[in-house]
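Coordinates in review
Listed below, chain by chain, are the residues.
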Amino acid sequence: MWQAEKLDLDAYLSRINLPGATPRPDADTLGELHRAHAAWIPFENLEIMLGRPVPLDMTALQDKMVARRRGGYCYEQNSLFAAVLERVGFSFTAHAARVRMGDRDKLLPATHMLLTVEAEGERWVADVGFGGDGPHAPVRLREGVETRQGGWTFSVAREDGGVRVLRTLRPEGWFDLYAFTEEPAYPPDQFVANYYVSTHPDSVFTQRPIVQRPDAHQRITFVGDRLRVAGPDGSSEDREVSPDELGPLLEREFGIDLSEEELGTLRQRYRTISG
């Protein structure tokens, strides 16, 4: 279903700095793959900023995120990760989620994708595509059980109607990230939602550059024209980024190396957005 037969697993493992690994469908492997993917493949929407489409076929996903060492957002990242899990032999399900980012009252469309994975009798939320606020390792899918990841803590809460909520612990308390149900989602569902996310003028991904990386100890996010480095204790450093800084910043903080032509296009778009 997830085009695993087209996946170059060795090339993917090299991309996430696990060359020569022999993945098995167990909990340790799931955690190792998730952490490595999150560390080496950044969250980003720069193709949209460059005026390009965002295809989800495996050839395009591998060319972009593996061969060209770029990143992507949820539909790209979790589709690639799903192919990896399928190839290794994991049992898993994809789901659509409604992003909350702390706002429980505002009902947004289900424009996020995540995976739930079974490994050694335990179920996990596996999500390598939520960006800076998301987990960098699997989260136990058990109500009331906290999953500690470096300085961050995550858990899954249950609400009426079978709704589950992935949340993270902030100094002021639990913060909802997104809500989902047990209903499966399939590749055609991702194609439709991905088209909206990558083309509609109301989508946050068509309005400004977003580049992020989760980490065990800090979250680095570049949104619009602001770079922020945040810690689990609520501390953060925030500064404006000039157009001339874009290339060095993207390479230094996120491992994204754009061509001069791409940087020129991005700077032009960036100046329009920033003012």
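As the structure is a prediction and not an experimental result, all values here were calculated from the model.

Description of the packing of helix H2 (residues 27–40) against helix H5 (residues 74–88)
Between two packed helices, what matters for the description is the angle formed by their axes and the separation of those axes. Across the interface, H2 lies against H5 with an axial gap of 12 Å and an inter-helix angle of 150 degrees. Classified by the angle their axes make, H2 and H5 are roughly antiparallel. Considering only the axes of H2 and H5, their crossing is right-handed. Note on element contacts: H5 touches H2 through Gln77, Leu80, Phe81, Val84 and Leu85, opposite Leu30, Leu33, His34 and His37.

Some points on the side chain of His136
Examined against the element boundaries, His136 turns out to sit in the loop between strand S4 (122–126) and strand S5 (139–140). Judged by relative accessible area, which is 12%, His136 ranks as buried. Not counting the four nearest positions on each side in its chain, His136 is found in contact with His34, Arg35, Ala38, Gln149, Gly150, Pro214, Asp215 and Ala216.

A few points about empty space enclosed by the protein
For the coordinates displayed, the defined rule picks out two cavities of 30 Å³ or more. Space inside the largest cavity adds up to approximately 70 Å³. Looking at the largest cavity, it is lined by 13 residues, and the ones nearest its centre are Val128, Gly129, Phe130, Gly131 and Pro214. There is about 60 Å³ of room inside the second largest cavity. For the lining of the second largest cavity, the elements supplying multiple residues, two or more each, are helix H4 (58–67) and helix H6 (187–199). Class assignment of the residues belonging to the lining of the second largest cavity gives a composition of six nonpolar, two polar and no charged.

The rules behind each value
Residues numbered from 1 in each chain as written. Predicted model: local features only at pLDDT ≥ 70, side-chain atom pairs only at ≥ 80, totals over all residues. Heavy atoms only, no water. Axes fitted to C-alpha atoms, helices over the stretch in contact; angles between N-to-C directions. Helix = DSSP H or I, 4+ residues; strand = E, 2+ residues; numbered from the N terminus. Parallel < 35°, antiparallel > 145°, perpendicular 65-115°, else oblique. Left-handed = near helix turned anticlockwise from the far one by under 90°. Contact = heavy atoms within 4.5 Å. Buried < 20%, exposed > 50% of the residue type's maximum accessible area, 1.4 Å probe, protein only. 1 Å grid on protein atoms, 1.4 Å probe; cavity = no way out; pocket = protein on both sides within 12 Å on 5 of 7 lines; lining within 4 Å. Points joined across faces, edges and corners; volume = space filled by probe spheres on them. Nonpolar A, V, L, I, M, F, W, Y, C, P; charged D, E, K, R; others polar.

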